[in-house]
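One-letter residues, chain by chain:
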Amino acid sequence: MRAVLILVICMLEPVIVMGGGSRPKSVNIGALLTLNSIIGRAVKPAIEAAISDINADSSVLPGTRLNLVLHDTNCSGFLGTIDALQLMEKDVALAIGPQSSGIAHVISDVVNELHVPLLSLATDPTLTALQYPYFLCVTQTDYFQMYAIADLIDHYGWKDVLAIFVDDDYGRNAISVLGDALAQKRAKISYKAALSPGASVSEMTDLLVQVNLMESRVYVVHLNPDSGLALFSVAKTLGMMTQGYVWVATDWLPSVLDASEPMDHDRMNLLEGVLALRHHIPSSDRKKAFVSRWKNLKYTGNWSINSYTFYAYDSVWLAAHALDSFFHNGGNLTFLTDPRLSMLKGSRLNLTSLRIFQGGEELLNLLLASNYTGLAGQYQFDSQKNLVNPTLDILNIVGTGSRRIGFWSNSSGLSVVAPENLKSHNRTFSEQKLYSVIWPGQTMKQPRGWVFPNNGRELRIAVPNRVSFQDFVSKSKDPPGVQGYCIDVFEAAISLLPYAVPHTYVLYGNGKRNPTYNNIVYDVAQNKYDAAVGDITITTNRTRIADFTQPFLESGLVIVAPVKRTTSTAWAFMKPFTLEMWAVTGVFFILVGAVVWILEHRLNSEFRGSPRQQITTILWFSLSTMFFAHRENTVSTLGRLVLIIWLFVVLVINSSYTASLTSILTVQQLTSGIRGLDSLIASGDPIGIQDGSFARNYLINELNIAASRIVTLKDENDYALALERGPRNGGVAAIVDELPYIEVFLANVDCLYDIMGQEFTKSGWGFVFQRDSPLAVDLSTAILTLSENGNLQRIHDKWLSNGVCSDQSDETVENRLSLQSFWGLFLIMGVACFVAIVCFLCKVIGQYCKFNKEDTVGEIEPSVRPRPAMRLSSFRELMVFVDRKEDEVKEILRSKKSMVKREGIGSVSNGQPLDSPT
């Protein structure tokens, strides 16, 4: 009964009605402001000026006077909440403010219960119409500002930003929206750096030192206007306002600069090159008139106008027009006591003084239906209770002030034309443009927006630890631990970048079998590695999770199978040797014949005779050694030595010739009926693929080939063995693999196999990076440069210079034997001939000297011994001496020696020794 009694008493409480059925003489309008703040100092005079203008204007609220009930939140969330409750006790019809997001969240719950419309200057994007139906933002929320920043970031091509923000509702909620907006542009916030609302200079210094060690050089700054400038002062001290840095500030910065005229040049030097967003206020006569009389308004002090000044002034007029319509429609300022608060009468907070505005919902609807043009432009709300056509100025801060480089509108995007002057509000790529920017460091060159982090961490690059086709990439004992074609291409591309890229290679796989390349790409996407370098094919599924560079080698799946080749021709016997080899071989046959003739001529009667016979002997002997059919015997030691070496040379040449000719004349038999992709699919025979290749999934998923037909092969040896065995002996009918692998394989198997048909996929090899990595773009440009200057081809020739057996003529050329393969043998033969000739000449000259000496001794006693018949006094006589048979020369020398001995004995018997004086 007691509860029922209390309820009846509450229902019988007097209803406070102001004005009855006619217009009231006065209406209370509340205002919650932080007066000791940049925005508060700019807003308070504007609200007071608007109320003064309205009260003086008889066309609006005739007979009714607006009373301003102002409360100062004192930059405190707690005190601001108390002030908000105290304001509601004054039976205000509506309230303006607060500017603080934290207080706005609290007061929004209060006005929802009391049905008091709240025209707020808070820009927190989470203050939504669904949660807070009586909350109306009379300025542009940070939701649109963050999407404008995302468009700006995308315009300059940056993909990574760092967000520096105040750690409260105002900062956190806006940066959350920025992350969503950047994600739609395939960009991201790589790090969120939060500052406490009252952060000291030391805290700012520590935070900037930390972010300066990171990769991104694009900083989005979203701070409170009263403390934000201190951050740029610290950044200037740390050298972070120089070339290469990008600073983007939200509307808090222009609010500070606009409200601080005259311009402080020292302050502007701190902000050199910064980009900032400001609420766009269209130019109008009313705006110019208001600006001209601003200094004459009360309480303006030395503070100038910023965008919040115009919004605050217009908010009062918007409220006045809504109240005028409300009263015109018969509305009353009726306030009811909330029965739920009556049960709290024992509390000292006096909460029972908070009353519900009975006409609040009707007034709210009138506000939402407004279509009013004020100083700041058009005031009209959309279905989400946001102002229509949100527009922002994009400013570039320079030493003398700020210059507008363009506009942003939710409908037209970026433009150098004000949205109100655009003929079309549709976004087109060609119209997304801005004027030139002076960046930090006083440069017009657009910053790259990122550097390698200065934290000592190297780029971790995964490299496949292959067991097959190691010319492409393989483990190495030498630094950097890996080698191959792909590594050389990557290093050459890295060297072309205008900045250093510290990196280290990490082998991926156990080294016993090729790793699965899909897993490599997935691990890069999962941030286990920064990149992957190797023979990695660019496929559709892989590009969905990672970024690839420009392909550095074209690729595609092909079919290789055993082939039939016919090489026999009428002149096939000439093909084993090159022309140079034939010529040198013929010369040596003649040379060796001549040398043997010289060595055997004085000893062997088979090498003597008429000149014609001797020439015939030389030719016959030299050519007959080719078949080991020479009939002449060699009797001299030197001749036999030369002949033995020559016969060894002939044996090697004959064997090589026979082997090469056999290879050329041999007809390989057709062992497979595979002619292309269609016949391969229809054959039903096993198909070989490389271990770790994407070909398996392609054959199964795209070509519907049964998994049981697919045979995984480990390396090149398995390729050759499987093809040699064939499908009936445990092998495969064909192998499906990428073209670069097949080219290397065919170059090393003596052309026993060949590519059947054409490539049935088109792709390429590229280097893998994480999504939106700027390094992928720069490396793509470097790869194109390598291709244009020919270095890419030179690297290819270094590692993959083996030719492919594409037709029979190429095979024949490869089988021909050149002088390069035999010059060592010919050198040995030439040295042997030279040494033999030298020894022969030494022997002949020795005999000649001895023969000449004996002849001189014989001339001592001319009366005893007649003049010799043969005298060697000319070259012709020397040749005659050489032409003599060696036995004949030796006989003559023995005869002369015995004759001299006899003559010596006779002289002694007569008492006249040869050495006695005459």
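Residues numbered from 1 in each chain as written. Predicted model: local features only at pLDDT ≥ 70, side-chain atom pairs only at ≥ 80, totals over all residues. Heavy atoms only, no water.

## A short note on the overall build of the protein chain
Consideration 1: From N to C terminus, the protein chain includes 30 helices and 32 strands.
Consideration 2: Within the protein chain, contacts between residues at least 6 apart in sequence are counted, and of these 72% link residues at least 24 apart.
Consideration 3: Carbon and sulfur atoms provide 55% of the accessible area of the protein chain, an area that totals close to 43600 Å². (Helix = DSSP H or I, 4+ residues; strand = E, 2+ residues; numbered from the N terminus. Contact = heavy atoms within 4.5 Å. Areas by Shrake-Rupley, 256 points an atom, 1.4 Å probe, with all protein chains shown as cover.)

## Brief notes about the environment of Thr237
Consideration 1: One can find Thr237 in helix α8 (residues 228-237).
Consideration 2: The sequence separation of Thr237 and Thr205 amounts to 32 residues, and the corresponding C-alpha distance is 9.2 Å.
Consideration 3: A polar atom in the side chain of Thr237 sits 3.0 Å from the backbone oxygen of Ser233. (Polar contact = N/O pair within 3.5 Å; in protein donor to acceptor, adjacent residues only side chain to side chain.)

## Overview of the packing of helix α3 (residues 77-88) against helix α4 (residues 101-114)
Consideration 1: At a closest axis distance of 9 Å, the pairing of α3 and α4 adopts a crossing angle of 20 degrees. If you check the angle between α3 and α4, you find them roughly parallel. The handedness of the crossing between α3 and α4 comes out as right-handed. Here Gly77, Gly80, Thr81, Ala84, Leu85 and Met88 of α3 come into contact with α4, specifically with Ile103, Val106, Ile107, Val110, Val111 and Leu114.
Consideration 2: For the contact of α3 with α4, the class distribution of residues is nine nonpolar, three polar and no charged. (Axes fitted to C-alpha atoms, helices over the stretch in contact; angles between N-to-C directions. Parallel < 35°, antiparallel > 145°, perpendicular 65-115°, else oblique. Left-handed = near helix turned anticlockwise from the far one by under 90°. Nonpolar A, V, L, I, M, F, W, Y, C, P; charged D, E, K, R; others polar.)

## Here's the deal with the pattern of salt bridges
Consideration 1: If you walk through the whole model with that rule in mind, you get 17 salt bridges.
Consideration 2: With a closest N to O distance of 3.8 Å, Asp91 and Arg355 form a salt bridge. Of this pair, Asp91 sits in the loop between α3 and β4 (94-96) while Arg355 is found in strand β13 (residues 355-357), placing the two residues 264 residues apart along the sequence.
Consideration 3: Where Arg172 meets Asp167, a salt bridge forms, and the shortest distance between an N and an O atom there is 2.8 Å.
Consideration 4: Arg172 gets classed as partly exposed once you look at its relative accessible area, which sits at 37%.
Consideration 5: Judged by its relative accessible area of 35%, Asp167 falls in the partly exposed class.
Consideration 6: If you follow the salt bridges from partner to partner, you end up with Asp258, Arg278, Asp393 and Arg404 in one network. (Salt bridge = Lys/Arg side-chain N within 4 Å of Asp/Glu carboxyl O. Buried < 20%, exposed > 50% of the residue type's maximum accessible area, 1.4 Å probe, protein only.)

## Comments concerning the sheet that holds strand β24 (residues 547-548)
Consideration 1: On the basis of which strands lie adjacent, the open sheet formed by five strands has the order β22-β19-β23-β32-β24 and mixed pairing. Where the open sheet ends on each side, the last strands, each with one partner, are β22 (503-508) and β24.
Consideration 2: Note that β24 and strand β32 (residues 768-769) share two bridges and pair antiparallel. Paired with Asp547 across the two strands is Phe769, which belongs to β32.
Consideration 3: Contacts from helix α15 (residues 485-495) reach β19 (459-464), β22 and β32, with the element oriented near 160 degrees to β22. (Pairing = 2+ DSSP bridges.)

## Examining the side chain of Thr585
Consideration 1: Mapped onto the secondary structure, Thr585 falls in helix α18 (residues 579-600).
Consideration 2: Beyond its immediate chain neighbours, meaning those up to four positions away, Thr585 contacts Ile653 and Phe826.

## Examining a nonpolar patch on the surface
Consideration 1: Together, Trp823, Leu827, Val831, Phe834, Val835 and Val838 line one region of the surface with nonpolar side chains, adding up to about 600 Å² of accessible area.
Consideration 2: One can find Val838 in helix α28 (residues 823-857).
Consideration 3: Take Val838: its relative accessible area is 33%, and that puts it in the partly exposed class. (Patch = residues over 30% accessible without salt bridge, like charges linked within 9 Å, V, L, I, M, F, W, Y side chains within 5 Å.)

## Let's talk about the state of the cysteines
Consideration 1: Scanning the model with the defined rule gives zero disulfides in all.
Consideration 2: The thiol of Cys839 is not disulfide-bonded; the next cysteine sulfur, from Cys842, is found 6.4 Å away.
Consideration 3: Using a relative accessible area of 37% as the deciding quantity, one classes Cys839 as partly exposed. (Disulfide = S-S within 2.5 Å.)

## So, the confidence of the model for the protein chain
Any segment with low pLDDT has predicted coordinates that should not be analysed in fine detail.
Consideration 1: Summary statistics for the protein chain give a mean pLDDT of 82 and a share of 81% for residues scoring 70 or more.
Consideration 2: Across residues 1-20 the pLDDT falls below 50, and counting only partners more than four positions away or on other chains, this stretch makes 18 contacts in the model.
Consideration 3: The low-confidence segment residues 667-671, where pLDDT is below 50, has 14 contacts with residues more than four positions distant or belonging to other chains. (pLDDT = per-residue confidence, 0-100.)

## Section: the nonpolar core
Consideration 1: Counting residues in each nonpolar core, the largest one holds 75 residues, and the members touching the most others are Ile47, Leu66, Met88 and Leu323.
Consideration 2: When residues of this core are assigned to their parent elements, the largest contribution, 14 residues, is made by helix α12 (residues 307-328).
Consideration 3: If sequence neighbours within four positions are ignored, Ile47 has contacts with Ala31, Leu33, Leu68, Ile96, Ala312 and Val316.
Consideration 4: Core analysis: the second largest hydrophobic core is formed by 53 residues, Trp450, Tyr485, Val560 and Ala782 among them. (Core = buried A, V, L, I, M, F, W, Y, C linked by side-chain atoms within 4.5 Å.)

## As for the layout of surface pockets
Consideration 1: Reported here for the largest pocket is a volume of approximately 660 Å³.
Consideration 2: In terms of lining residues, the largest pocket is bounded by 29 residues, among which Gln99, Ser100, Asp168, Asn224 and Asp226 are the most central.
Consideration 3: Put simply, the parts of the chain that give the lining of the largest pocket at least two residues each are α4, α6 (169-184) and α9 (252-258).
Consideration 4: The leading source of residues in the lining of the largest pocket is α4, at four residues.
Consideration 5: Split by residue class, the lining of the largest pocket holds 11 nonpolar, 14 polar and four charged.
Consideration 6: Elements that contribute at least two residues to the lining of the second largest pocket include exactly β8 (188-195) and α25 (774-789).
Consideration 7: The dominant element in the lining of the second largest pocket, judged by the number of residues it contributes, is β8, at three residues.
Consideration 8: Tallied by class, the residues present in the lining of the second largest pocket amount to nine nonpolar, six polar and eight charged. (1 Å grid on protein atoms, 1.4 Å probe; cavity = no way out; pocket = protein on both sides within 12 Å on 5 of 7 lines; lining within 4 Å. Points joined across faces, edges and corners; volume = space filled by probe spheres on them.)

## Details of unusual backbone geometry
Consideration 1: Of note, the bond from Gly97 into Pro98 is cis; its omega dihedral lies within 30 degrees of zero at -5 degrees.
Consideration 2: Its place among the elements puts Pro98 in the loop between β4 and α4.
Consideration 3: Following Pro479, the chain continues into Pro480 via a peptide bond in cis, with omega recorded as 5 degrees.
Consideration 4: With respect to the helices, strands and loops of the structure, Pro480 is situated in the loop between β20 (474-475) and β21 (482-483).
Consideration 5: Of note, the phi angle at Lys385 is positive, near 65 degrees, even though the residue is not glycine.
Consideration 6: By the element assignment, Lys385 lies in the loop between β15 (377-379) and β16 (391-398).

## Quick look at the environment of Ser196
Consideration 1: For Ser196, the location among the structural elements is in the loop between β8 and α7 (201-212).
Consideration 2: It is 9.8 Å that separates the C-alpha atoms of Ser196 and Leu223, two residues lying 27 residues apart in sequence.
Consideration 3: A distance of 3.4 Å separates the side chain of Ser196 from the side chain of Glu203, its partner in a polar contact.

## Let's talk about empty space enclosed by the protein
Consideration 1: Tallied over the full model, the rule gives three cavities of 30 Å³ or more.
Consideration 2: Here the largest cavity defines a volume of roughly 90 Å³.
Consideration 3: Tyr517, Gly692, Ser693, Glu738 and Tyr741 are, among the 14 residues lining the largest cavity, the residues nearest its centre.
Consideration 4: Considering only residue class, the lining of the largest cavity consists of four nonpolar, five polar and five charged.
Consideration 5: By volume, the second largest cavity is sized at about 60 Å³.
Consideration 6: Taken together, Val166, Leu195, Ser196, Pro197, Ala199, Met204, Leu223, Asn224 and Ser227 make up the full set of residues lining the second largest cavity.

## Brief notes about the side chain of Arg542
Consideration 1: The residue Arg542 is located in helix α17 (residues 540-543) in this model.
Consideration 2: In this structure, Arg542 is buried with no salt-bridge partner, the nearest side chain bearing the opposite charge being Glu738 at 6.5 Å.
Consideration 3: Setting aside anything within four residues of it in sequence, one finds Arg542 in contact with Tyr517, Asn518, Val521, Ile536, Thr537, Phe548 and Phe694. (Lys, Arg positive; Asp, Glu negative; His and termini not counted.)

## Quick notes on the pairing of strand β29 (residues 734-738)
Within a regular beta strand, the side chains point alternately toward one face of the sheet and then the other, so they alternate between its two faces.
Consideration 1: Summarising burial for β29: five of the five residues are buried, a large majority.
Consideration 2: Sheet topology note: the strand β27 (residues 687-690)/β29 ladder contains two bridges and is parallel. What sits directly across from Ile687, in β29, is Ala734.

## Re the pairing of β16
Consideration 1: Burial analysis of β16 places eight of its eight residues in the buried class, the great majority of the element.
Consideration 2: Side chains Thr391, Asp393, Leu395 and Ile397 project from β16 onto one buried face, and the interleaved Leu392, Ile394, Asn396 and Val398 project onto a second face that is buried too.
Consideration 3: Bridging between strand β11 (residues 275-279) and β16 involves five bridges; their strand directions are antiparallel. Bridged to His279 within β16 is Leu392.
Consideration 4: Pairing between β16 and strand β17 (residues 401-409): eight bridges, direction antiparallel. The residue of β17 that forms the bridge with Thr391 is Ser409.

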